[in-house]
Amino acid sequence: MSGKTVNKKHKKALLIGGGAPNSTLMAGALVAFLEKGVEFDVISASGAGALMGLLYTAPKAGDPATALRQWAQVGVADPIYGLLPVNYKVFMKPGAAADAYRSWLNSNPFTAPFFNPASPLGSGPFSDWVKLVLATLSPSDLSSSSLGLCAHLPFAEQVIDFAAIAAIKPDFYINAYNVTQQKMTVWGKNEITPAHLKAAFSFPLIYPPYTIGDNDYIEGASIDTLNFKALVKDDGSLHPELDTLVVFDILGADKLIAKPKDLYDAWVHSIITPLVEIAKDDIRLFDLVYNRDADGQPKRKLLKVGLLDGLSDEEWPTVLDWSNSNLQRLFEIGYRAGLAFCEENAATLDLEPLTESTHGDEERVAAL
């Protein structure tokens, strides 16, 4: 029997941190939360966590679980990834001509089925080979004067219902760093548009800074990986009166700092390595500065979901791969971590006691 919300006793916030390559860990845990009926008063997200949070609360088709499972399908078929370890399904060529080309591919009756997750041609090795050929043929304006390698989330409006964000139940925040004014900016659910999500996703080099009005923005997670600042008022108090903070952190693990497998992997690690310590510092500093009373005791529960705990030593070297097998494996690990977290913290999450073994849930995840 799945858990369900009982009379609410706790004010809860969910913090969804950055980290794109292993973001399906978060997607799996969010599906577990949906199944168990977990509800939050506030969701604060950063970087890739912003996309996961919006798939969780405002997916285009109105079905969060399906949207999150489909995200686990954005990996590249293993035979292709072994030859070309780049996710051309997520990171796409920039420029107006490339945008027009992608629009044509999605509307052309011969190519559109390959980009429709519900279509029999929308996934699988053959589909990925076709997408690779089509991506290779794409025009691009990339040059030595470009400020980033890729187009800003061309698929965002295909998967997120931006018109629905303002009406979602929890308060919802994303962040980005304003390069022009040299300060962090936090946007609430009444402000978020496709432009704001693209700004929140503009990790340096991968994407150019994103311009909104007279200001240029880069990804907030590159500086504030967990967006704790969205919860803090000017007077240092939390808004609303929260007593429980649930944290999704997939960057603050020393095992992510490892010897690269090849030149591409070395580039990936050059991005991830500094973020590991930033993520760890974010949690420590928040706990010390905002979460302690005069006697040094915690003011509220700070609970970290063990998303990385299910990884074996053999799996760590590939945890940042965009291969299909890795993303599916991470989704399953995240799903089980979410189930375990709900079981361990049922009272704090205002859930009915979860008396049934998770064995049945583990059998279900195998079919996802």
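The rules behind the values
Residues numbered from 1 in each chain as written. Predicted model: local features only at pLDDT ≥ 70, side-chain atom pairs only at ≥ 80, totals over all residues. Heavy atoms only, no water. Helix = DSSP H or I, 4+ residues; strand = E, 2+ residues; numbered from the N terminus. Polar contact = N/O pair within 3.5 Å; in protein donor to acceptor, adjacent residues only side chain to side chain. Expected span 1.5 Å × (residues − 1). Buried < 20%, exposed > 50% of the residue type's maximum accessible area, 1.4 Å probe, protein only. Contact = heavy atoms within 4.5 Å. Pairing = 2+ DSSP bridges. Right-handed = clockwise from strand over helix to strand, strands pointing away. Salt bridge = Lys/Arg side-chain N within 4 Å of Asp/Glu carboxyl O. Patch = residues over 30% accessible without salt bridge, like charges linked within 9 Å, V, L, I, M, F, W, Y side chains within 5 Å. Areas by Shrake-Rupley, 256 points an atom, 1.4 Å probe, with all protein chains shown as cover. Axes fitted to C-alpha atoms, helices over the stretch in contact; angles between N-to-C directions. Nonpolar A, V, L, I, M, F, W, Y, C, P; charged D, E, K, R; others polar.

1. Remarks on the environment of Ser145
Part 1 of the argument: Its location among the elements puts Ser145 in the loop between helix H6 (125-137) and helix H7 (156-159).
Part 2 of the argument: Side-chain polar atoms of Ser145 contact the side chain of Ser143, separated by 2.9 Å.

2. Thoughts on helix H1 (residues 24-36)
Think of an α-helix as turning once every 3.6 residues; residues three or four places apart then point the same way.
Part 1 of the argument: Helix length check: H1 (13 residues) gives 18 Å between terminal C-alpha atoms against 18 Å at 1.5 Å per residue, within 8%.
Part 2 of the argument: Summarising burial for H1: 11 of the 13 residues are buried, a large majority.
Part 3 of the argument: For H1, the set of buried residues is Thr24, Leu25, Met26, Ala27, Gly28, Ala29, Leu30, Val31, Ala32, Phe33 and Lys36.
Part 4 of the argument: Taken from the residues just after H1, Gly37 is the one with a positive phi, measuring 80 degrees.

3. Observations regarding the environment of Phe114
Part 1 of the argument: You can see Phe114 is positioned in the loop between helix H5 (96-107) and H6.
Part 2 of the argument: Phe114 sits 22 residues away from Met92 along the chain, and the two C-alpha atoms are 16 Å apart.
Part 3 of the argument: Excluding residues that lie within four positions of it along the chain, Phe114 makes contacts with Leu121, Gly122, Phe126, Ser127, Val130 and Lys131.

4. What to know about the pairing of strand E8 (residues 301-304)
Part 1 of the argument: When strand E7 (residues 244-248) meets E8, the two strands line up parallel, connected through 4 bridges. In the strand pairing of E8, Val246 is matched with Leu303.

5. With respect to the pairing of strand E1 (residues 12-16)
Part 1 of the argument: For E1, the tally of buried residues reaches 5 of 5 residues, placing the bulk of the element in the interior.
Part 2 of the argument: Of the two faces of E1, the one lined by Lys12, Leu14 and Ile16 and the one lined by Ala13 and Leu15 are each fully buried.
Part 3 of the argument: With 5 bridges joining them, E1 and E7 adopt parallel strand pairing. From the neighbouring strand, Ile16 faces E7, where its bridge partner is Phe248.
Part 4 of the argument: In terms of strand pairing, E1 meets strand E2 (residues 42-45) through 4 bridges, oriented parallel. When the bridges of E2 are listed, Leu14 appears paired with Ile43.
Part 5 of the argument: As a crossover connection, the stretch from E1 through H1 into E2 is right-handed.

6. Topic: the pattern of salt bridges
Part 1 of the argument: Considering all chains together, one arrives at 17 salt bridges under this definition.
Part 2 of the argument: Notably, a salt bridge pairs Asp99 with Arg102, separated by 2.5 Å at the nearest N-O pair. In this pair, Asp99 and Arg102 are both assigned in helix H5, 3 residues apart and thus about one turn of the helix distant.
Part 3 of the argument: In this structure, Lys255 and Asp313 form a salt bridge, with 3.2 Å as the shortest nitrogen-oxygen distance. Here Lys255, found in the loop between E7 and helix H9 (263-290), pairs with Asp313, found in the loop between E8 and helix H10 (324-344); they are 58 residues apart in sequence, far enough to count as distant.
Part 4 of the argument: Shared partners join several salt bridges into a network, and the residues in it are Asp254, Glu277, Lys280, Asp281 and Arg284.

7. Details of a nonpolar patch on the surface
Part 1 of the argument: Taken together, the side chains of Leu83, Leu84, Val86 and Trp129 make up a nonpolar region of the molecular surface, amounting to roughly 370 Å² of accessible area.
Part 2 of the argument: Relative to the assigned elements, Trp129 resides in helix H6.
Part 3 of the argument: On the accessibility criterion, Trp129 (39% relative accessible area) is partly exposed.

8. Overview of unusual backbone geometry
Part 1 of the argument: For Asn227, which is not glycine, the phi dihedral falls at a positive 55 degrees.
Part 2 of the argument: Looking at Asn227, the relative accessible area reads 0%, which means it is buried.
Part 3 of the argument: Residues other than glycine seldom take positive phi values, yet Asp350 does so here, at roughly 60 degrees.

9. Regarding the packing of helix H2 (residues 48-57) against helix H3 (residues 64-71)
Each pair of packed helices gets described by two things: the angle between the helix axes and the distance between those axes.
Part 1 of the argument: Relative orientation of the contacting elements H2 and H3 amounts to 145 degrees, with a least axis distance of 7 Å. Across the interface between the two elements, Leu51, Met52, Leu55 and Tyr56 of H2 pack against Pro64, Ala67, Leu68 and Trp71 of H3.
Part 2 of the argument: Grouping the constituent residues of the contact of H2 with H3 by class yields 8 nonpolar, no polar and no charged.

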